[in-house]
Amino acid sequence: MSVRLAIKVDVDTDRGTREDTLPLAQTLQGAGCPATFLFSLGPDNTGKAIRRVFRPGFLKKIGRTNVASNYGLRTLMNGTLLPAPMIGQRNEGMLRQIRSMGFTVGIHCWDHFAWQDYLARWDLPRTQQEFCQAVREFERIFGEKPRVAGTPGWQVTAHSLRVYDEFELLYGSDTRGPHPFFPRWRDETFTTLQIPTTLPTLDELLGRPEYPDERIIPHYLELIKDAPDEYVHVLTIHSELEGRRYLRLFQELIAAAKAAKVEFIKLENYAEMLLKNRESIAVCEVHERSIAGRSGTLAVQGAPVFCD
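Treat the numbers as computed from the prediction; the structure is a model and nothing was measured.

1. Points about the packing of aromatic side chains
One pass over the full model with this rule turns up 7 aromatic pairs. Both rings, one in Phe 37 and one in Phe 103, keep their centres 5.2 Å apart while their planes meet at 65°; by these two values the pair is edge-to-face. Taken together, the positions of Phe 37 in strand 2 (residues 36-40) and Phe 103 in the loop between helix 5 (87-100) and strand 3 (104-109) put the pair 66 residues apart, joining distant regions of the chain. Residue Phe 37 shares its accessibility class with Phe 103, and that shared class is buried. Seen in terms of ring centroids, Phe 131 and Tyr 164 are 5.5 Å apart; in terms of plane orientation they differ by 45°. Their pairing is tilted. Linking Phe 131 in helix 7 (residues 124-142) with Tyr 164 in helix 8 (residues 158-167), this pair joins segments that are 33 residues apart in sequence. A single burial state applies to Phe 131 and to Tyr 164, both of which are buried. Ring pairs connect the aromatic residues Phe 37, Phe 39 and Phe 103, which therefore count as one cluster. Just above the ring of Trp 154 sits the side chain of Arg 176; from NZ or CZ to the centre is 4.5 Å.

Written out as structure tokens, the structure reads:
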């Protein structure tokens, strides 16, 4: 049986970019594992996330995942008691270093907090403005146009999907679901391929009684090995977790997956292979749903639809 795994790294914060991204990249490089790093490029307003306190499940999640320890006090004050540092400007050397190590780089967002909390309220011009700021900063740092993106908190609207089409991205990874698809939002179908995250993220498992730390790696292996032959799982990790406090656990996960004959692949290669036969890719509705271990709702792949 051949099971494949692709890794996407979301980099959310200034500290995560500066301190946690390189150890994670070195771990991946040392293990011979390709990965796609998606960077937050604008202001780090992490401190403003305290406004989510009334969101169902938010307090439970921050208690389970030890947010203060994992993100640091300074990060939790950014954008409130302290000015929001500009992540791209402060860390452009680090971003270029990650690319020079052979990893694919793409856009996570401009302002992580703003996208995750306000995207649903934005009209098309406001959504375009936000994404264009990230594109301009990406082009300034890397000297090329972005080909991939994946948004904070798996937050999607028709406007954000339309913006992806306008920029002719190779693919987006903004949803949760079982397989790649072209997204349909209500009565509109979009042309940018979506490659969803198929596996739970570490912070969705941490602190839950059914997943003590010693059960996390076996749980991932069970999910991966239960997949059909040639299936591609997508795992989203975070620099702030797997690149810091849980780096050893992530190293052990990679070693266990390799011992189980899991093949690590590049998302870009996977997307290019799929797009050679666009007609075989399903069109699926995108729904707003809640999932275990995460507060609020996020974009989840629905059943295939038949288009005229």
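2. Quick word on the sheet that holds strand 12 (residues 298-304)
With respect to topology, 4 strands assemble into an open sheet ordered 7-6-11-12, the strand pairing being mixed. The sheet is open, and its two edges are formed by strand 7 (188-189) and strand 12, each paired on a single side.

3. What to know about the side chain of Asp 111
Relative to the assigned elements, Asp 111 resides in the loop between strand 3 and helix 6 (112-118). Classification of Asp 111 by relative accessible area gives buried; the value is 10%. Here Asp 111 is in contact with Pro 43, Asn 45 and Glu 130, once residues within four sequence places are set aside.

4. Re the pairing of strand 3
Most of strand 3 sits out of view: 6 of its 6 residues are buried. Of the strand pairs in this sheet, strand 2 and strand 3 are connected by 5 bridges, and their pairing is parallel. When the bridges of strand 3 are listed, Leu 38 appears paired with Gly 106.

5. A few points about the packing of helix 10 (residues 213-225) against helix 12 (residues 247-259)
For the pair helix 10 and helix 12, the least separation of the axes is 10 Å and the interaxial angle reads 35°. For the pair helix 10 and helix 12, the crossing hand works out as right-handed. Along the contact surface, helix 10 presents Asp 213, Ile 216, Ile 217, Tyr 220 and Leu 221, while helix 12 presents Leu 249, Glu 252, Leu 253, Ala 256 and Ala 257. Per-class residue counts for the contact of helix 10 with helix 12 are 8 nonpolar, no polar and 2 charged.

6. Structural notes on unusual backbone geometry
The bulk of non-glycine residues show a negative phi, and the bulk of peptide bonds are trans. One non-glycine residue, Trp 154, adopts positive backbone phi at about 55°. Mapped onto the elements of the fold, Trp 154 is located in the loop between strand 4 (148-149) and helix 8. Residues other than glycine seldom take positive phi values, yet Arg 186 does so here, at roughly 55°. When its relative accessible area of 60% is taken as the criterion, Arg 186 is described as exposed.

7. Some remarks on the packing of helix 5 against helix 7
For the pair helix 5 and helix 7, interaxial distance at closest approach is 9 Å and the crossing angle is 60°. Regarding the angle of helix 5 to helix 7, the classification is oblique. In the crossing of helix 5 with helix 7, the sense of the turn from one axis to the other is right-handed. Judged by residue contacts, Gly 88, Gln 89, Glu 92, Leu 95, Arg 96 and Arg 99 of helix 5 engage Glu 137, Arg 140, Ile 141 and Phe 142 from helix 7.

8. Describing the nonpolar core
The biggest cluster of nonpolar side chains holds 55 residues, and the ones touching the most others in it are Val 9, Leu 28, Phe 37, Phe 39, Leu 41 and Ile 98. Apart from the residues lying within four places of it in its own chain, the contact partners of Ile 98 are Thr 21, Leu 22, Ala 25, Phe 37, Phe 39, Phe 103 and Val 105. Judged by nonpolar contacts, the second largest core, of 18 residues, contains Leu 38, Tyr 171, Ile 195 and Ile 265.

9. Some details on the pattern of salt bridges
On inspection of all chains with the given rule, the structure shows 20 salt bridges. Two residues, Lys 8 and Asp 10, come together in a salt bridge whose shortest N-O distance is 3.1 Å. Summarising the burial analysis for this pair, Lys 8 and Asp 10 share the class buried. Among the salt bridges present, the one from Asp 14 reaches Arg 18, with a minimum N-O distance of 2.6 Å. Note that Asp 14 and Arg 18 are positioned in helix 1 (residues 14-30) at a spacing of 4 residues, about one turn of the helix. In this structure Asp 14 comes out as buried when scored by relative accessible area, which is 5%.

Criteria and thresholds
- Residues numbered from 1 in each chain as written.
- Predicted model: local features only at pLDDT ≥ 70, side-chain atom pairs only at ≥ 80, totals over all residues.
- Heavy atoms only, no water.
- Phe/Tyr/Trp six-rings, centres within 6.5 Å; stacked < 30°, edge-to-face > 60°.
- Helix = DSSP H or I, 4+ residues; strand = E, 2+ residues; numbered from the N terminus.
- Buried < 20%, exposed > 50% of the residue type's maximum accessible area, 1.4 Å probe, protein only.
- Lys NZ or Arg CZ within 6 Å of the ring centre and 35° of its normal.
- Pairing = 2+ DSSP bridges.
- Contact = heavy atoms within 4.5 Å.
- Axes fitted to C-alpha atoms, helices over the stretch in contact; angles between N-to-C directions.
- Left-handed = near helix turned anticlockwise from the far one by under 90°.
- Nonpolar A, V, L, I, M, F, W, Y, C, P; charged D, E, K, R; others polar.
- Parallel < 35°, antiparallel > 145°, perpendicular 65-115°, else oblique.
- Core = buried A, V, L, I, M, F, W, Y, C linked by side-chain atoms within 4.5 Å.
- Salt bridge = Lys/Arg side-chain N within 4 Å of Asp/Glu carboxyl O.

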